[in-house]
Every structure is written in C-alpha cells, then in structure tokens.
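Breakdown of the fold
Now for the letters of each chain:
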Amino acid sequence: MIEKSSTLYKIITLYMLEKVNFPLSNNQITNFFLDHGYTSYFHVQQTLNDLLESRLMEVKKQGSRTCYQTTEEGRTTLSYFEKKISDEIRQEIDTYLKENDYEMRNTNSTTAEYYRTPDQEYVVQCQVVERKAPLINLEITVPTEEMAKTFCSHWSKKSQEIYAFLMETLS
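These remarks concern the structure in this document.

What counts and what doesn't
- Residues numbered from 1 in each chain as written.
- Predicted model: local features only at pLDDT ≥ 70, side-chain atom pairs only at ≥ 80, totals over all residues.
- Heavy atoms only, no water.
- Helix = DSSP H or I, 4+ residues; strand = E, 2+ residues; numbered from the N terminus.
- Buried < 20%, exposed > 50% of the residue type's maximum accessible area, 1.4 Å probe, protein only.
- Contact = heavy atoms within 4.5 Å.
- Core = buried A, V, L, I, M, F, W, Y, C linked by side-chain atoms within 4.5 Å.
- Phe/Tyr/Trp six-rings, centres within 6.5 Å; stacked < 30°, edge-to-face > 60°.

A closer look at the side chain of Thr71
- Turning to its location among the elements, Thr71 is positioned in the loop between strand S3 (65-70) and helix H4 (72-81).
- On the basis of relative accessible area, Thr71 is assigned to the buried category, the value being 10%.
- Among all residues touching Thr71, those that are not within four sequence positions of it are Arg55, Leu56, Met57 and Glu58.

Below, the structure written as structure tokens:
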C-alpha cells in the first residue's frame, strides 16, 4: 500500500508542476499535500527526492529559494500515468493551484539577494521573471548590510509598483 501511495504522490507532484507555467517551491508542493491531509511532511520530502533522483523533475534555483520543474522524462512519465489520479484529487489540485496562483506566481517570480563587495559595500540584486524571461533586473549598491536586508525583504511587496513606476517614467 505504501508503494502505491508513494507512486500516487509522485504522479500528483508531476501533475502539479505541469499545470503551472512556473517552477513550484518545496513549500508550495508540501502545503498542498499537508493541507489536504494526504501524507506527512517527511513523505513529501521523500517523494521530491525520489523525483529528483530519477530525473523526472529538476531543481530550479530562484534567488535563495529552491524550486522544481518537470523534465522531459517527467512529462513523458506523467502522460503514461496521469489517469491514475482520481477526478476528485485532480479537482483538488486544480482548485488549489487556481486559488493560490497569484501568490505562488508572485513568490516564485521575484527574487532578491545581496552580497558584499571588496569595497565593504553591499550590492542588492533584485529580479522579476515571467515565463522564464526577466522583466526587470535591478542592482543597487547600499552602504550597510542592514539596508541590503531591508531592500531584499521589501522587494517582493514593492516590485510591481517599482516596475510600473519605471515603465511610466522611462516611456
């Protein structure tokens, strides 16, 4: 029974990754399984690890976050086994993805990181990506690490406003 469940969790994960046009984070996938009471956190992590080891999905680094996307082998595998997902589970997945689409897309499309320069300043790198293409890449040099951390923490909330301002100002 555990093997059947494990296989179903893998198919569900591949299905989720194929239903969106952006990589999903570990938390986003895990939250679906836990919110619907399918399995434990540790089983989800094992599922993700198994999918990576079998090369059915791959890691996509987005800033400091680890996200996942299917590989060609994963898409092929899903095409063979997708029918094993019941209509009820499929509906739960589709509803979850639809209800959380904006939040998930925004979380995964905005990244902000910083690093220290040889001159003892900090460079903050901010980015917004949509459909695998960068909409904006912004680097700002700031004098303190505290300021760099603040910029990074505010980027995801303010990126749309900043992008709109730049488009309007520079047009």
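Back to the write-up after that little detour.
A look at unusual backbone geometry
- At Arg55, a residue that is not glycine, the phi angle is positive and equals roughly 60°.
- Secondary-structure assignment places Arg55 in the loop between helix H3 (41-53) and strand S2 (57-62).
- Under the relative-accessibility criterion, Arg55 is labelled exposed at 61%.
- Despite not being glycine, Gln120 shows a phi value in the positive range, around 65°.
- Along the chain, Gln120 turns up in the loop between strand S4 (110-116) and strand S5 (122-130).

Quick look at the nonpolar core
- Membership of the largest hydrophobic core comes to 26 residues, with the highest contact counts inside it found for Ile12, Met16, Leu24, Ile29 and Ile93.
- Within the residue set of this core, elements represented by two or more residues are helix H1 (2-19), helix H2 (26-35), H3 and helix H5 (87-109).
- With 7 residues, the single largest contributor to this core is H1.
- If near-sequence neighbours (up to four positions away) are discounted, Ile93 is found in contact with Ile12, Tyr15, Met16 and Phe32.
- Membership of the second largest hydrophobic core comes to 9 residues, among which are Tyr122, Ile136, Ala148 and Cys152.

What about the packing of aromatic side chains?
- Counted under the stated rule, the structure contains 7 aromatic pairs.
- Seen in terms of ring centroids, Tyr9 and Phe33 are 5.6 Å apart; in terms of plane orientation they differ by 80°. Their pairing is edge-to-face. With Tyr9 in helix H1 and Phe33 in helix H2, the pair connects residues that are 24 residues apart, well separated along the chain. Like Tyr9, the residue Phe33 is buried in the burial classification.
- Here Tyr41 and Phe42 contribute two aromatic rings whose centre-to-centre distance is 5.5 Å and whose plane-to-plane angle is 85°, an arrangement assigned as edge-to-face.
- The class of Phe42 is exposed, set by a relative accessible area of 65%.
- Among the aromatic residues, those joined into a cluster by ring pairs are Tyr9, Phe32, Phe33, Tyr38 and Tyr96.

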